[in-house]
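# Observations on chain architecture
Okay, here's what each chain looks like letter by letter:
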Amino acid sequence: MEAGAGDRRVVVVGGGVAGAMLAKHMQFDTDVVLIDSKEYYEVPWARNRSMVEPPFAERSLIQHTDYLSNARVTASPAIDVTESEVLTAEGRTFAYDYLVIATGHVDSTPRSRKDRLEQFKILSDNKRIRSSSSVLVIGGGRTGVELSAEIAADYPEKKVTLVHEGPRLLQILGPKASEKALRWLKSKGVDVLLGHSIDVDAISEGQRSFTTSDGATITADCHFVCAGRPLGSSWLQHTLLKDNLDRFGRLKVDENLRVRGRKNVFAIGDVVDLPKIKQGFSARKHAAVAAKNIKLLLRGGKEEKMAVYKPRSAAAAPAVVSLGRREAVAQFPFTTVSGYIPGLFKSKDLYVGWNRKKLGLETDII
């Protein structure tokens, strides 16, 4: 443990990319507690591949305790925050000296890794895809585009329809990336409807006919909603941090990633109000900056020495969107490319091996 840290505790709420990386960074510097609704970390951008190829999840679902050898993990959602403690749904309280909120987006996934693997293998998505001759994907952001591409690549005989309410796909990226993704999807027979929306709240179980906002009728044996996933911040609305949320439910942070007006509360990942592309690179950068700042404060360092997080604009930020198993579209600050070469960087492994290495684990499971 680093000199000066003493018995002070850092509590991290949320075990996604940002929360997992921060806990990993800090576990040997002070007392660390990770609070998450589940027992494992799931590589989020590998989810679509696991839906199409369930065995892939064996590598992308990682027990928190596999990479946190010197931290405590509790698998229960946080439900309240006070000036000094976090309360979980199972009734446990954890005192903190520094608190990090990293709850990202809401995911209705099982608590145990075993049940999540079972979900991929037997219970739901893969079975629905395999048994269907036509699939509707609602939402043309990164998740919707990558899922449509995975299905089109692995099941070319299936009719895939992608509906997106915006004027172009991948609106978090530049127009060139949108155009290249659209061209690739159409080349694989995916029917893309832009400027159309579907009322997902009105969809009933087993529904096979869908009407868009423009009156188009789509027939599909199954559907997947890849839009409108709520932020994981609703539990904060009745806590001490309620006034630190903006109108979208995001935590307002300063340049050091501290919640505005709070000396010992940080927020990282998708739950913050900073402009950025929602991707693993940004979340890991958040974790590194916040960890550096907390370590500085634990040593008694001066606040003016704290690291500053500088977000990049969406058009300038590097990003890779996989298009099936071999191809991808990649956006860089000065160019955008697509095809097999950018696919070499992501599409085969989806960065799962690299992500496991970052967590100190073997890149492959024997």
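Conventions adopted
Residues numbered from 1 in each chain as written. Predicted model: local features only at pLDDT ≥ 70, side-chain atom pairs only at ≥ 80, totals over all residues. Heavy atoms only, no water. Helix = DSSP H or I, 4+ residues; strand = E, 2+ residues; numbered from the N terminus. Expected span 1.5 Å × (residues − 1). Buried < 20%, exposed > 50% of the residue type's maximum accessible area, 1.4 Å probe, protein only. Arc of directions from axis to C-beta. Contact = heavy atoms within 4.5 Å. Pairing = 2+ DSSP bridges. Axes fitted to C-alpha atoms, helices over the stretch in contact; angles between N-to-C directions.

Further remarks concern helix α8 (residues 175-187). Here α8 spans 18 Å end to end across 13 residues, near enough to the 18 Å set by a 1.5 Å rise per residue. Here α8 has its buried residues at A177, S178, A181, L182, W184 and L185. The buried residues of α8 occupy an angular sector of 165 degrees when the element is viewed end-on, so they sit on one face. Seen from the open side of α8, the exposed residues pointing more than 90 degrees away from its buried face are K176, R183, K186 and S187. Residues of α8 that are buried sit in contact with α7 (142-154), β11 (159-164), β12 (191-194), β17 (319-323), β18 (327-331) and β19 (336-339). Note on α8: the residue one or two positions beyond its end, G189, has a positive phi of about 90 degrees.

The 3 strands are arranged β17-β18-β19 in an open sheet whose pairing can be described as antiparallel. Of all strands in the sheet, those bounded by a partner on one side alone are β17 and β19. Across the sheet, the mean angle separating the axes of adjacent strands is 10 degrees when strand polarity is ignored. Of the pairings in the sheet, the one linking β18 to β19 comprises 4 bridges and is antiparallel in character. Within β19, the position partnered with Q331 by the bridge is T336. α8 rests against β17, β18 and β19 of the sheet, and its axis sits at about 15 degrees to β19.

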